[in-house]
Amino acid sequence: MATASASVLPLKELDFYQVDDLLDPEERMVRDSVRSFIEERVMPVVPHHWEAGTFPSELIPEFGELGLLGPAVSEEYGGSGLNSVAYGLICQEIERADSGVRSFASVQGSLVMYPIEAFGSEEQKRYWLPKLATGEAVGCFGLTEPDFGSNPGGMRTRARRDGDDWILHGQKMWITNGTVADVSIVWARDENGKIQGFLVENDREGFSAPEQKHKWSLRCSVTSELVMDEVRVPESNRLPKVQGLKSALSCLTSARYGIAWGAVGAAQACFDEVIRYCSDRQIYDKPLGSFQITQTKLANMGTEITKGQLLVWRLGRMKDQGIMRPQHVSMAKRNNVRMALDVARECRTLLGANGITLEYQAGRHACNLETVLTYEGTEEIHGLILGHEFTGYAAYGA
Amino acid sequence: MKICVCVKRVPATTTRVVIGADKQLDPAGVEFELNPYDEFAVEQALQVKESGGEGSVTAISFGLADAKKELQKVLAMGADNAVLLTHNSAPHADGATTAKMLAEELRNTEAQLIFFGKQAVDRDQHGVGPAVATRLGIPCITEVVKFELQGNQVICEREIEGGRETVTAPLPCAITCQKGLNEPRFASLKGIMAAKKKPLEIKEVDLESAAVEVIDMSLPPERPAGRIIGEGPDAVPELIEALRNEAKVL
Ligand SMILES: Cc1cc2nc3c(=O)[nH]c(=O)nc-3n(C[C@H](O)[C@H](O)[C@H](O)COP(=O)(O)OP(=O)(O)OC[C@H]3O[C@@H](n4cnc5c(N)ncnc54)[C@H](O)[C@@H]3O)c2cc1C
């Protein structure tokens, strides 16, 4: 139940251009329901988990029950068949709490359930999707390798045919959920040089997923290596409809779409917190918010958040109309994550020393957003994608 | 079993109240939500239906047409259908009028159980549940914190000053729900999608003018600023004096 806030300002996110009016009633209801869940169940435990460097896995069944895992997957396989704007709003609300918690949901939905639905066999879909939707099973997505991040096409992980089976060999790195996953989607190059996707149960012989520790970013999320030492999987574990690297990249388009929305949530969380702080905190006997420098800081942040909201709203409508291209997603991911990182850092300055503690959100969000800036296509790579789009010259490689 | 739950759309508890020219809450910029106590009522109604394995839950609200949003939330939580009794001056209705509207609708439903929140957090009148029960001639148990259905009777624990009492009543009966009764569920995404297809009937009702009329509304006086009495042990006697005679908390 909502309780009255001691603050003079209502607990409401910035919505200066009434983007709310652009949403359907169901979309608003999805957002509000997810928001209440996040505020009541997730927000209170996030700072502790962040400090401890642990994922709040006790919440996984509740995530499943609410339908936050693979919401866009069709109802037939345990999803809710939501539209893209509703999916975006879910990411926004989860990331309002923490980018690491949102990463868990993004990976499960966009990087694991989406490829199984899009490229899997009927049998694979029927077996895995309902379990992944309830959270009974957790998945991860292994594309990045120690030496191949921005250019995954160079990957060294190999898949070799052996009778009816495949033998996988290689190493993946920076894999979200790796250690806690029941199944990994592993991308590997076959003997003909073609990139294939495999479902690898994490208890297969030769497979291990040690956790990568000592992170100062995304501490509420598990990040792991995947080590495959001659791991044998049957042909029935190969995703049959994969067509090379572009299939792997299409998963990323779906995840990046959610990230562009999520970044708005992180920025709003920081902004809302700092707006309240600016009215409560007295400096030279006046509220912090009454100083001119503070006001232009808030004006800039409020403007950038509003622009970011409109960008993803339009992107979502384009996605549902089937006219969104990956380049459109690049613009929103690049803009909004940079925006959110800048907002988080600026809010941190306004919070002064308080801003470096976990009692306030801005510092944690700023640390997290450093990862978000890098994963799912770095800021630079998305710049190159847009440069390519606008000039026709590809400037990625040599 | 046929179960009904009566719900109200109220300003969010985080609202900064502004009083309009008509001496009512100025709704501009106010967020509305399902009355928090009604969430316990909805949850209990759904639990009774689920544990019995059959039956239906109907949500009923009396209010402006906007209350459709709150009814849709109740449908998304799991109710089977909803009825919105609407009239333009519903916000001016007193508890007795509201109870009359609801009772007239409920009379035809043959509901065995009718759940209410113990109060609506906007006007805090606590009266609608008991008044509806009186009109229907059925028992009413208020401020329930524990609910159990045994055959044709209910056994409830309710909060009383300094303790709890356990009471029982035969079906059909009305229950008003207090915080602590249960943990209301969130509307799941599947529930929200399913709610779109559930029946929500809107009925225009005739309304007599309310017997009780609001003639004024005012905000609580501004809290006086804090005062520093002094520092260290020397200030303690004066502090105790102030706590005793000014704040009157000792
Ligand atoms: C916490 C975390 C979780 C992650 N989760 C996953 C996951 O679940 N699954 C997964 O597969 N991966 C995951 N990643 C990996 C992430 O996608 C990669 O880190 C990212 O793609 C960048 O690769 P890299 O780290 O190898 O950097 P590099 O590719 O080595 O980039 C280093 C720098 O060079 C720049 N650069 C690269 N190419 C160019 C170019 N052509 N021109 C100019 N500049 C360039 C980059 O922008 C960057 O600034 C995760 C990463 C982190 C930090």
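Residues numbered from 1 in each chain as written. Chains lettered and ligands numbered in written order. Predicted model: local features only at pLDDT ≥ 70, side-chain atom pairs only at ≥ 80, totals over all residues.

### Some details on the overall build of chain B
A tally of regular secondary structure across chain B gives six helices and 11 strands. By its C-alpha atoms, chain B is 70 × 45 × 40 Å across when sized along the principal axes. Split into buried and exposed, the 250 residues of chain B put 38% on the buried side. Pairs at least 24 residues apart make up 69% of the contacts formed inside chain B by residues separated by at least 6 positions. (Helix = DSSP H or I, 4+ residues; strand = E, 2+ residues; numbered from the N terminus. Buried ≥ 20, exposed ≤ 12 C-beta atoms within 10 Å, placed from the backbone. Contact = placed C-beta atoms within 7 Å.)

### Re the overall build of chain A
Check the secondary structure of chain A and you find 11 helices and nine strands. For 398 residues, the compact-globule estimate of 2.2 N^0.38 gives 21 Å, and the C-alpha radius of gyration of chain A, at 21 Å, lies within 12% of that figure. Overall, the C-alpha framework of chain A stretches about 80 × 50 × 40 Å when taken along its three principal axes. Within the span of chain A, comprising 398 residues, buried residues form 49% of the whole. (Rg over C-alpha atoms; globule rule 2.2 N^0.38 Å.)

### Some remarks on the site of the ligand
Residues and elements named next belong to chain A. With respect to spatial proximity, 21 residues lie near the ligand, and among them T144, G149, S150, T378 and E380 are the closest. Of all elements in the fold, only β1 (139-142), β3 (165-176), α10 (362-374) and α11 (379-391) reach the threshold of two or more residues within the shell around the ligand. Here the shell around the ligand is built from residues that sort into 10 nonpolar, nine polar and two charged. The residues that make up the shell around the ligand include at least three from each of domain 2 (139-244) and domain 3 (246-391). (Near = placed C-beta within 6 Å. Nonpolar A, V, L, I, M, F, W, Y, C, P; charged D, E, K, R; others polar. Domains from an automatic or database assignment.)

### A word on the packing of helix α7 (residues 245-280) of chain A against helix α8 (residues 292-321) of chain A
Residues and elements named next belong to chain A. The interhelical angle for the contact between α7 and α8, taken along N-to-C directions, is 155 degrees, at an axis separation of 10 Å. By the angle between their directions, the pair α7 and α8 is classed as roughly antiparallel. Crossing handedness for the pair α7 and α8: left-handed. Of the residues in α8, those touching α7 at Y257, A260, W261, A263, V264, A267, Q268, F271 and C278 are T294, M301, G302, I305, G308, Q309, V312, L315 and K319. Here the contact of α7 with α8 is built from residues that sort into 12 nonpolar, five polar and one charged. (Axes fitted to C-alpha atoms, helices over the stretch in contact; angles between N-to-C directions. Parallel < 35°, antiparallel > 145°, perpendicular 65-115°, else oblique. Left-handed = near helix turned anticlockwise from the far one by under 90°.)

### Thoughts on the domain arrangement of chain A
Residues and elements named next belong to chain A. Per the domain assignment, the segments making up chain A are domain 1 (19-134), domain 2 (139-244) and domain 3 (246-391). One C-alpha centre belongs to domain 2, the other to domain 3, and the line joining them spans 30 Å. Contacts between domain 2 and domain 3 engage 13 residues on the former and 10 residues on the latter.

### A few points about the pairing of strand β9 (residues 163-170) of chain B
Residue and element names in this part refer to chain B. Counting buried positions over the eight residues of β9 gives zero, only a small fraction of the element. Relative to β9, strand β8 (residues 153-160) is paired through eight bridges, and the arrangement is antiparallel. Looking across to β9, one finds that R158 is bridged to E165. (Pairing = 2+ DSSP bridges.)

### A short note on the interface of chain A and chain B
Listed per partner, the contact involves 22 residues of chain A and 21 residues of chain B. Every element with two or more residues in the side of chain A that touches chain B is listed here: α1 (25-42) and α3 (60-66) of chain A. No other element matches α1(A), which puts seven residues into the side of chain A that touches chain B. Its residues placed into classes, the side of chain A that touches chain B shows 12 nonpolar, seven polar and three charged.

### Some details on helix α3 (residues 95-107) of chain B
All names here are of chain B. Between its terminal C-alpha atoms α3 stretches 18 Å, which fits the 18 Å expected from 13 residues at 1.5 Å a residue. Taken as a whole, α3 has its buried residues at G95, T97, T98, A99, M101, L102, E105 and L106. Tucked into the core, α3 has its buried residues touching β1 (2-6), β4 (56-63), β5 (81-86), β6 (113-117) and α4 (128-136). (Expected span 1.5 Å × (residues − 1).)

### Structural notes on the sheet that holds β9(B)
All names here are of chain B. The strand order across the open sheet formed by nine strands is β9-β8-β7-β10-β6-β1-β4-β5-β11, and the pairing between neighbours is mixed. Single-partner strands in this sheet number two, and they are β9 and β11 (200-204). Averaged over all neighbouring strand pairs, the angle between strand axes comes to 30 degrees, with direction disregarded. Bridge analysis of β4 against β5 gives six bridges, and the strand direction is parallel. Paired with F62 across the bridge in β5 is L85. Across the sheet, α4 lies against β6, β7 (140-150) and β10 (173-177), angled at about 70 degrees from β7, the strand it touches most.

### Comments concerning the pairing of β6(B)
Residues and elements named next belong to chain B. Most of β6 is tucked away, with five of its five residues classed as buried. The alternating pattern of β6 places L113, F115 and G117 on one face and I114 and F116 on the opposite face, and all of these are buried. Bridging between β1 and β6 involves three bridges; their strand directions are parallel. Each residue of the ladder has a partner; that of V5, found in β6, is F115. In terms of strand pairing, β6 meets β10 through five bridges, oriented parallel. Within β10, the position partnered with L113 by the bridge is C173.

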